[in-house]
Amino acid sequence: DNGEPFRVIFVLGGPGAGKGTQCQLISDNLGWAHLSAGDLLRAERQKAGSELADIINANISAGKIVPSEITVLLIKNAMEELKKANGQTKFLIDGFPRSEGNVNAWNDVIGDHRARVDMVLFFECPEDILTSRLLERAKTSGRNDDSIDVIRKRFVTYREESMPIIQMYQGEGKVRKIIADRSIEEVYQELESIIKE
Ligand code: UP5
Ligand code: MG
């Protein structure tokens, strides 16, 4: 181990809550690097000859959670590469951890000595709004999980596996809840003031 632990903010919330949109804005303006676990998994799925592509795709296209060791290693590699490339040490981790297995893998592979979790941002938004956002995005996203059947499965996974994780962090006093059912600009203004604190 070398030096200070990384600083991490986990960004959680339902499918389509605006995690990616807001993390991009924070990263552009406030110097935190944005790592979307879903984007890392989709990039790995695209790699020629990746042995993981089929496992990743089977889970994403069923709205299920990819085996935790895969995701956590992709996140760890991405953090280390950005550290090496430009000294980055502050990371917004978007869409992870979304299950108990994800939390355990994070603790085993990364842990407090490598990365300190400063806080957890929780984007709250009703499912009917999430559904209409995702169906609108489906027209251009090319994501094979932006269909109504898979969107419903993603909601079930979110309620059953991810909500308990948010509640766990709530119990630890780490959660800042964001009302995500507002304009992109309004949500960003609130996030900016939280992160600058
Ligand atoms: N939009 C955004 N903000 C808006 C606002 N305030 N008002 C109106 N519209 C707004 O936004 C979604 C859409 O809404 C966009 O069109 C946007 O313009 C608009 P976005 O910022 O993309 O929302 P986000 O929360 O990022 O939605 P996303 O669909 O990416 O969330 P998911 O959590 O479902 O997707 P993710 O990529 O994280 O994961 C996909 C799958 O990968 C999972 O289902 C799972 O199978 C797998 N996965 C794992 O297995 N493990 C992981 O750790 C992560 C992912
Ligand atoms: Mg996203």
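Further up the page is the structure itself.
As the structure is a computational prediction, the values presented were derived from the model and not from experiment. The written sequence of each chain sets the order in which its residues are numbered from 1. Written order decides the labels, with chains lettered from A and ligands numbered from 1. Per-residue local features of the predicted model are confined to residues with pLDDT of at least 70, and side-chain atom pairs are confined, for both listing and counting, to 80 or more; whole-chain, interface and lining totals are unaffected and use all residues. Hydrogen atoms and water are omitted, and side-chain values are computed over all heavy atoms in the structure.

## A word on the pairing of strand E4 (residues 115-124)
Part 1: Only protein chains enter the accessibility calculation, which uses a 1.4 Å probe. A residue is then buried if its area is under 20% of the maximum for its type, exposed if over 50%, and partly exposed in between. Counting from the N terminus, the helices are the DSSP runs of H or I reaching at least four residues and the strands are the DSSP runs of E reaching at least two. Across the 10 residues of E4, seven count as buried, placing the element largely inside the fold.
Part 2: Strand pairing is assigned whenever DSSP detects at least two bridges linking the two strands. Both strand E1 (residues 6-13) and E4 contribute to a ladder of eight bridges, which runs parallel. Opposite glycine 13, over in E4, you have phenylalanine 123 as the bridge partner.
Part 3: Relative to strand E5 (residues 175-179), E4 runs parallel, the two sharing five bridges. Bridge pairing in E5 places phenylalanine 122 opposite lysine 177.

## A short note on the nonpolar core
Part 1: Val8, Phe10, Met79, Phe91, Ile93, Phe96 and Trp106 are the most contacted members of the largest nonpolar core, which has 27 residues in total.
Part 2: Broken down by secondary-structure element, the contributors of at least two residues to this core are E1, strand E2 (33-36), helix H4 (68-86), strand E3 (90-94), helix H5 (100-109), E4 and helix H8 (148-171).
Part 3: What makes two residues a contact is simply this: any of their non-hydrogen atoms within 4.5 Å. Setting aside residues no more than four positions away along its own chain, phenylalanine 91 makes contact with Phe6, Arg7, Val8, Ile9, Trp32, Ala33, Leu35, Met79 and Leu82.
Part 4: We define the nonpolar core as a collection of buried residues of types Ala, Val, Leu, Ile, Met, Phe, Trp, Tyr and Cys that are connected through side-chain atoms lying within 4.5 Å of one another. By size, the runner-up hydrophobic cluster in this structure holds 23 residues, among which are Cys23, Trp32, Ile178 and Ile194.

## Quick word on the pairing of E3
Part 1: Burial of E3 is extensive: four of the five residues sit out of reach of the surface.
Part 2: Pairing of E1 with E3, which is carried by five bridges, proceeds in the parallel orientation. Looking across to E3, one finds that valine 8 is bridged to phenylalanine 91.
Part 3: In the sheet, E2 pairs with E3 via four bridges, with the strands oriented parallel.

## Focus on the site of ligand 1
Part 1: Close to ligand 1 lie 31 residues; Thr21, Lys64, Val66, Arg154 and Arg182 are nearest.
Part 2: For this analysis, a polar contact is any N or O atom pair within 3.5 Å, provided that within protein one partner can donate a hydrogen and the other can accept it, and provided that sequence-adjacent residues contribute only side-chain to side-chain pairs. Here an oxygen atom of ligand 1 sits 3.2 Å away from a polar atom, N or O, in the main chain of alanine 17.
Part 3: At a separation of 3.1 Å, an oxygen atom of ligand 1 approaches a polar backbone atom of glycine 18.
Part 4: Here the Shrake-Rupley method, with its probe set to 1.4 Å, supplies the accessible areas, and only the displayed protein chains count as covering residues. Coverage of ligand 1 by the protein amounts to 86% of the 1,000 Å² it exposes when considered alone. Nearness of a residue to a molecule or strand requires only that one of the residue's heavy atoms be within 4 Å of it.

## Considering H4
Part 1: Helix length check: H4 (19 residues) gives 27 Å between terminal C-alpha atoms against 27 Å at 1.5 Å per residue, within 8%.
Part 2: Listed as buried for H4 are Ser68, Ile70, Thr71, Val72, Leu74, Ile75, Lys76, Ala78 and Met79.
Part 3: Count one or two residues on from H4 and you reach glycine 87, which has phi positive near 70 degrees. Here, expected helix span is obtained from the residue count minus one, scaled by 1.5 Å.

## As for the pattern of salt bridges
Part 1: A pair is scored as a salt bridge if a Lys or Arg side-chain nitrogen falls within 4 Å of a carboxyl oxygen belonging to Asp or Glu. Throughout the structure, instances matching the rule amount to 16 salt bridges.
Part 2: Its salt-bridge partner being glutamate 44, residue lysine 47 comes within 3.1 Å of it at the nearest N-O pair.
Part 3: Glutamate 44 sits in the buried class, given a relative accessible area of 11%.
Part 4: The salt bridge partner of aspartate 145 is arginine 143, with a shortest N-O separation of 3.1 Å.
Part 5: Exposure remark for aspartate 145: the relative accessible area of 6% places this residue in the buried category.
Part 6: Arginine 143 gets classed as partly exposed once you look at its relative accessible area, which sits at 23%.
Part 7: Salt bridges linked by common partners bring Arg137, Arg143, Asp145, Asp146 and Arg154 together as one network.

## Observations concerning unusual backbone geometry
Part 1: Here the residue pair phenylalanine 96 and proline 97 is connected by a cis peptide bond, since its omega of 0 degrees sits within 30 degrees of zero.
Part 2: One can find proline 97 in the loop between E3 and H5.

## A look at the packing of aromatic side chains
Part 1: Any Phe, Tyr or Trp ring, taking Trp's six-membered ring, that has another such ring centre within 6.5 Å forms a pair; planes under 30 degrees apart are called stacked, those over 60 apart edge-to-face, and the others tilted. Per the stated rule, a full pass over the model turns up five aromatic pairs.
Part 2: Ring centres of phenylalanine 10 and tyrosine 169 lie 6.1 Å apart, and the angle between their planes is 45 degrees; on these two criteria the pair is classed as tilted. In this pair, phenylalanine 10 is assigned in strand E1 and tyrosine 169 in helix H8, connecting sequence segments 159 residues apart. Each member of the pair phenylalanine 10 and tyrosine 169 is classed as buried.
Part 3: Of the aromatic side chains, those joined through ring pairs into one cluster are Phe10, Phe96, Trp106 and Tyr169.

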